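Take a look at the letters that make up each chain.
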Amino acid sequence: MPGFFIARPIFAWVVAIFICLGGVLALPFLPVAQYPVIAPPSISISTVYPGASTQNLYFSVTRLIEEELNGTAKVLNYESTSDTTGEVEIIVNFQPGTDIALAAVDVQNRIKRIEPRLPEAVREQGILIVEASSAILQFVTLTSSDGSLDEVGLGDVATRNVLPELRRLPGVGRARLFSTERAMRVWLDPDKMLGFNLTARDVEAAIEAQNAQVASGLLGLQPSPATQRTQNMVLVKGQLESPEDFGAIVLRANPDGSTVRLRDVARLEVGGLSYAFSTRLNGKPAAAIAVQLAPTGNALATGEAVKAKMEQLARFFPPGVKYEVSYDVTPVITASVKKVLLTLAEAVVLVFVVMYLFLQNFRYTLIPTIVVPIALLGTCVLLLLMGFSINVLTMFGMVLAIGILVDDAIVVVENVERIMAEEGLSPREATEKAMGQITGAVIGITL
């Protein structure tokens, strides 16, 4: 192999140029992270069963999903968490190298099989299946500078205006709201309900029946008489909009004409959908959004995209609402990569200085200095093809590789120079003879 390239120097230069071009093209597509992905690929399955105890949650929801997951291909293990707020999360870990997108489809298909066996409340809430890193990339926090919005109001702004936009960004695997949005709250009075002989299920059924969106149709739709000149849409107000509208819901109509309405047994208000979280920033009410990175996402690019999107959305926030990225790991990643890059540059400079100091020949020193960037750019191509990222460990590997590369180059250049000085051969002849002597040694050094 050395003789092949020695006899064809132009071809060797063409190969080197193509390696450099491949590295330059690969660099923009390489993800940047602090550390490589060591943990096996995983999928998160989460849902909510409002009002259920942890025991009921396990036997009616978690256990059914776990039993169905047992037949999923390439599943390594899974772990589940159920809490007193009725939330359940199952983390499914797969064997390394598993295509996580196909695995997510397989998991979703299996959960579809058991959906009819799940409680109705769980089916209404829905089951969320996402592929995301468990590490949090950023916390985006909304606050009200003038105090015009409380935590529920800020959570409502985040839910309607911020969450959908962040979830659409490339590289974002999951965006979770650690707050709540606005919702109609019905606070039942147990004593009054007992007096009227009503149950929570009676109230729920009445609300479902009397708060409905009705498709009422059209008047004058074809086929119609020739005298029919117009068509009109019939609008029926079936969806209730205010606490007063909900308060007028009839729970019971008595034979004497009297009625029991929802306002008679409950207090109604527009409050929070859930009170499981309470978020504060510097002691003030806030709404926080946790941004988690996708398994193949670029941490630095995703972090910058989130900041740019928030800067764009901030122009449309209600008066007094401002945002802040209160937690961000990207500066640490940037500092780590910059430090390794600085070490890389220092290594290249030291190589040049040391070789010039000992060889006392600028041409001999230039050869290994040219080889270093070619080898590094070729490494970038291999990193992309093998699915690796630019992180502190791969960069540290490059620093070590430079030492090995320069060591090989010094052995080759020194041996060629010795043969030229002792035997008076031309550079090409000396190189051919030198490589015949030290090819095995160079391979041994590298190994």
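You'll find the structure just up there.
Residues numbered from 1 in each chain as written. Predicted model: local features only at pLDDT ≥ 70, side-chain atom pairs only at ≥ 80, totals over all residues. Heavy atoms only, no water.

Two strands in a sheet stick together by hydrogen bonds in their backbones, pointing the same way (parallel) or opposite ways (antiparallel). As summarised here, the arrangement of the 4 strands in space is 2-3-1-4, forming an open sheet in which the pairing is antiparallel. Edge positions in the sheet fall to strand 2 (75–82) and strand 4 (128–130), since each of these pairs with one other strand and no more. If you compare each strand with its neighbour and ignore which way they point, the axes differ by 15 degrees on average. When strand 1 (residues 42–48) meets strand 4, the two strands line up antiparallel, connected through 3 bridges. Each bridged residue has a counterpart across the sheet, and for Ile 45 the counterpart in strand 4 is Ile 129. With respect to the sheet, helix 4 (residues 100–114) is in contact with strand 1, strand 3 (87–94) and strand 4, its orientation differing from that of strand 1 by roughly 35 degrees. (Pairing = 2+ DSSP bridges. Helix = DSSP H or I, 4+ residues; strand = E, 2+ residues; numbered from the N terminus. Axes fitted to C-alpha atoms, helices over the stretch in contact; angles between N-to-C directions. Contact = heavy atoms within 4.5 Å.)

With that out of the way, let us pick up the pattern of salt bridges. If you walk through the whole model with that rule in mind, you get 17 salt bridges. One salt bridge connects Asp 156 with Arg 182, and the closest N-O pair in it is separated by 3.6 Å. Pair noted here: Asp 156 is in helix 6 (residues 151–167) and Arg 182 is in strand 7 (residues 182–188), with a separation of 26 residues, a long-range link. For Asp 156, a relative accessible area of 6% corresponds to the buried category. The exposure class assigned to Arg 182 is partly exposed, which follows from its relative accessible area of 37%. (Salt bridge = Lys/Arg side-chain N within 4 Å of Asp/Glu carboxyl O. Buried < 20%, exposed > 50% of the residue type's maximum accessible area, 1.4 Å probe, protein only.)

Given two aromatic rings, their pairing is described by the distance between the two centres and the angle made by the two planes. Going through the model one piece at a time under the given rule, you end up with 4 aromatic pairs. Seen from their ring centres, Phe 139 and Phe 178 are 5.8 Å apart, and the 55 degrees between their planes marks the pair as tilted. Placement of Phe 139 in strand 5 (residues 136–144) and of Phe 178 in strand 6 (residues 172–178) is noted, with a sequence separation of 39 residues between them. A ring pair is formed by Trp 187 and Tyr 275, whose centres lie 6.3 Å apart and whose planes are at 45 degrees; its orientation type is tilted. Separated by 88 residues along the polypeptide, Trp 187 in strand 7 and Tyr 275 in the loop between strand 12 (266–272) and strand 13 (280–281) bring together distant segments of the chain. (Phe/Tyr/Trp six-rings, centres within 6.5 Å; stacked < 30°, edge-to-face > 60°.)

Our next topic: the pairing of strand 1. Burial analysis of strand 1 places 6 of its 7 residues in the buried class, the great majority of the element. Where strand 1 lies against strand 3, 7 bridges are found, and the strand directions are antiparallel. Bridging from a neighbouring strand, Ile 43 pairs with Val 92 of strand 3.

A separate point is the nonpolar core. Residues Ile 333, Leu 344, Leu 376, Met 395, Met 398, Ile 402 and Val 406 are the most contacted members of the largest nonpolar core, which totals 27 residues. Top contributing element to this core by residue count: helix 12 (residues 330–359), with 8 residues. Apart from residues no more than four positions distant in its own chain, Leu 376 is found in contact with Leu 344, Met 398 and Ile 402. Val 140, Val 162, Leu 169 and Val 321 belong to the second largest nonpolar core, which has 20 residues in total. (Core = buried A, V, L, I, M, F, W, Y, C linked by side-chain atoms within 4.5 Å.)

It is worth spelling out the layout of surface pockets at this point. Estimated volume of the second largest pocket: approximately 2,000 Å³. Lining the second largest pocket are 44 residues; nearest its centre among them are Phe 5, Ala 12, Ile 367, Val 371 and Val 412. Where the lining of the second largest pocket is concerned, the elements lending two or more residues are helix 1 (2–7), helix 2 (9–26), helix 13 (362–385), helix 14 (392–423) and helix 15 (427–446). For the lining of the second largest pocket, the class distribution of residues is 34 nonpolar, 6 polar and 4 charged. (1 Å grid on protein atoms, 1.4 Å probe; cavity = no way out; pocket = protein on both sides within 12 Å on 5 of 7 lines; lining within 4 Å. Points joined across faces, edges and corners; volume = space filled by probe spheres on them. Nonpolar A, V, L, I, M, F, W, Y, C, P; charged D, E, K, R; others polar.)

Note that Asn 415 resides in helix 14. Within the local environment of Asn 415, its side chain forms a polar contact with the side chain of Arg 418, the two groups lying 2.7 Å apart. Ignoring any residue separated from it by four or fewer positions in sequence, one finds Asn 415 in contact with Ala 434, Gln 437 and Ile 438. (Polar contact = N/O pair within 3.5 Å; in protein donor to acceptor, adjacent residues only side chain to side chain.)

Here Ile 65 is to be found in helix 3 (residues 54–69). Judged by its relative accessible area of 2%, Ile 65 is buried. When the C-alpha atoms of Ile 65 and Ala 299 are compared, they prove to be 32 Å apart, with 234 residues separating the residues in sequence. When residues no more than four places from it in sequence are discounted, the contact partners of Ile 65 are Ile 45, Ile 90, Ile 111 and Ile 114.

Two elements in contact, helix 14 and helix 15, have axes separated by 8 Å at closest approach and are oriented at 145 degrees. The crossing of helix 14 and helix 15 is right-handed. Where helix 14 abuts helix 15, its residues Ile 404, Asp 407, Asp 408, Val 411, Val 412, Asn 415, Val 416, Arg 418, Ile 419, Met 420 and Glu 423 lie against Pro 427, Ala 430, Thr 431, Lys 433, Ala 434, Met 435, Gln 437, Ile 438, Val 442, Ile 445 and Thr 446. Looking at the contact of helix 14 with helix 15 residue by residue, the class counts come to 13 nonpolar, 4 polar and 5 charged. (Left-handed = near helix turned anticlockwise from the far one by under 90°.)

Put simply, helix 12 and helix 14 touch, their axes get as near as 9 Å, and they point 10 degrees apart. Considering the angle they form, helix 12 stands roughly parallel to helix 14. Packed against helix 12, whose contacting residues are Ser 336, Val 340, Leu 341, Thr 343, Leu 344, Ala 347, Val 348, Val 351, Met 355 and Leu 359, the element helix 14 presents Val 392, Met 395, Phe 396, Met 398, Val 399, Ile 402, Val 406, Ile 410, Val 413 and Glu 417 at the interface. Partitioning the contact of helix 12 with helix 14 into residue classes produces 17 nonpolar, 2 polar and 1 charged. (Parallel < 35°, antiparallel > 145°, perpendicular 65-115°, else oblique.)

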